[in-house]
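The chain contents come next:
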Amino acid sequence: MVTFNVGSALMDKVLALSDQIEAEVIRIRRDIHKHPELSFKEERTARLVADRLRLMGVQVTEKIAGNGVMGIIEGRSAGKTVALRADMDALPLQENSGLAFESVNPGVMHACGHDFHTANLLGVAYVLSNLHQEWDGTLKLIFQTGEENGGGAREMIKEGILESPRVEALVGMHALPAPRGYLSLGYGASTAFSDRITLTVKGKKAHASKPQQGVDAIVIAAQIINALQTVLTRQIDPIETATFSLGKINGGTASNIVPDLVEIVGTMRCFSLDVRETMKASIAQIASSIAAGMGGECEVAFREGYPAVVNDERLTNIVKDVACSLYGEIRGRTPDVISSPVQELVKIDGPRLAAEDFGFYSQKVPACLYWVGTGSLTPLHSADFTINEDIAKITLPLMSLTALAIL
Ligand SMILES: [Zn+2]
Ligand SMILES: [Zn+2]
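Quick look at the structure, then. (Residues numbered from 1 in each chain as written. Chains lettered and ligands numbered in written order. Predicted model: local features only at pLDDT ≥ 70, side-chain atom pairs only at ≥ 80, totals over all residues. Heavy atoms only, no water.)

**Section: the sheet that holds strand β2 (residues 68-74)**
No. 1: Spatially, 8 strands are ordered β1-β2-β4-β3-β5-β16-β6-β15 in an open sheet, and the strand pairing comes out mixed. For this open sheet the edge positions go to β1 (59-64) and β15 (346-348), each flanked by a neighbour on one side alone. Looking at each pair of strands side by side, their axes are set apart by 20° on average, direction ignored.
No. 2: Judged from the 4 bridges that link them, β1 and β2 form a sheet pairing that is antiparallel. Looking across to β2, one finds that I64 is bridged to G68.
No. 3: Packing against the sheet, helix α3 (residues 114-130) makes contact with β2, β3 (81-87), β4 (138-144) and β5 (169-176), and its axis sits at approximately 150° to β3. (Pairing = 2+ DSSP bridges. Helix = DSSP H or I, 4+ residues; strand = E, 2+ residues; numbered from the N terminus. Axes fitted to C-alpha atoms, helices over the stretch in contact; angles between N-to-C directions. Contact = heavy atoms within 4.5 Å.)

Okay, structure coming up:
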């Protein structure tokens, strides 16, 4: 079923306006890249976004959950409210990309593409505000604070970002290390639940020469760590996807003291609420019963991280259909930008075990997060992460047309 109903005259206008704004979008992206700011500290970026939106005549609300910015564009007459989301924050990482516009803030870097997401959404705002006489409804632009650390989406939702007017559909884009223009889409759960696990093993101190007088927390921890691996192979349905890693362990004070305390911290990821509950229960039960069996104790705590992003089927079909017809069009006009056959680029992919706080939105409203190939294979969150900026030729009209198709 084809859900895409934007006329070809409108497609031409979107492509022409995207062309017009592309160089400016790349300038803005470089400016943001050079001045990255950590989660919830995006003051300069938020100011830049708000100033740009005002220049386009967009209604702006600032300081939502700290540095969040909202823009509203009204169409020709009343209709649906569709929201587009970009995140603005960077990572605590020293850049080593060699780019001319490398970060000037030591230890802070845009290594997740949020600079590009933000600049792209400003470009889309330009395209759609110029065309506001051609569509009905309301467009809400969400420039989000604190995606990487702390769940800015949850905070902005608490402050009412999805209300008045009530958002009926929400779409977002994320950069993906993949060939240029590769579009990865998923139905249903498409990123993982991500939770933090903390195991605190308690024993009893003793001198190393008299171990029988103590309870060795390190020995207990070793048993627990090994036994927990069976959660994945023995407790979870092999059809399901789940993983956890214990990334940090701390314990003991001296070479000749039987230690009384070990702390183990890890992360678990999975796609379903059922699996999440099974994993939590199994981890807690195995850890505490092993500790008890060895005369100690283990406290198990979970801190809920981001919920899975669950893509709405109808919206996902719209993005797919828009992309197929747009890619065909771009391929006809500028074959160097899209050189592979469309069916090789637009893919329905399985879920990825990444975590994205977009999941908070998808719990509240029909939503779709799609991933666009950066044209570079350097991984997200790496010091040499780069984006082939040519993809703006795809990402600007893709998001603009998707919004129009939903409206
Ligand atoms: Zn990230
Ligand atoms: Zn990200």
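**Section: the coordination of the zinc ion (ligand 1)**
No. 1: All of the protein donors around the zinc ion (ligand 1) are C112 (SG), E148 (OE), E148 (OE) and H381 (NE2); their distances to the metal are 2.0 to 2.6 Å.
No. 2: Here the zinc ion (ligand 1) is ringed by 4 donor atoms whose angles at the metal span 54 to 148°, and the overall shape comes out irregular.
No. 3: Here the donor residues of the zinc ion (ligand 1) share one chain and are spaced in sequence as C-x35-E-x232-H.
No. 4: Separating the zinc ion (ligand 1) and the zinc ion (ligand 2) is a distance of 3.1 Å, and C112 donates to both of them. Here H381 lies in the loop between β16 (367-373) and α10 (392-406) and E148 lies in the loop between β4 and α4 (152-158), a separation of 233 residues in the sequence.
No. 5: For H381, a relative accessible area of 41% corresponds to the partly exposed category. (Donors = N, O, S within 2.8 Å, 3.2 Å for Na, K, Ca; no water. Tetrahedral: all angles 85-135°; square planar, octahedral: opposite > 155°, others 65-115°. Buried < 20%, exposed > 50% of the residue type's maximum accessible area, 1.4 Å probe, protein only.)

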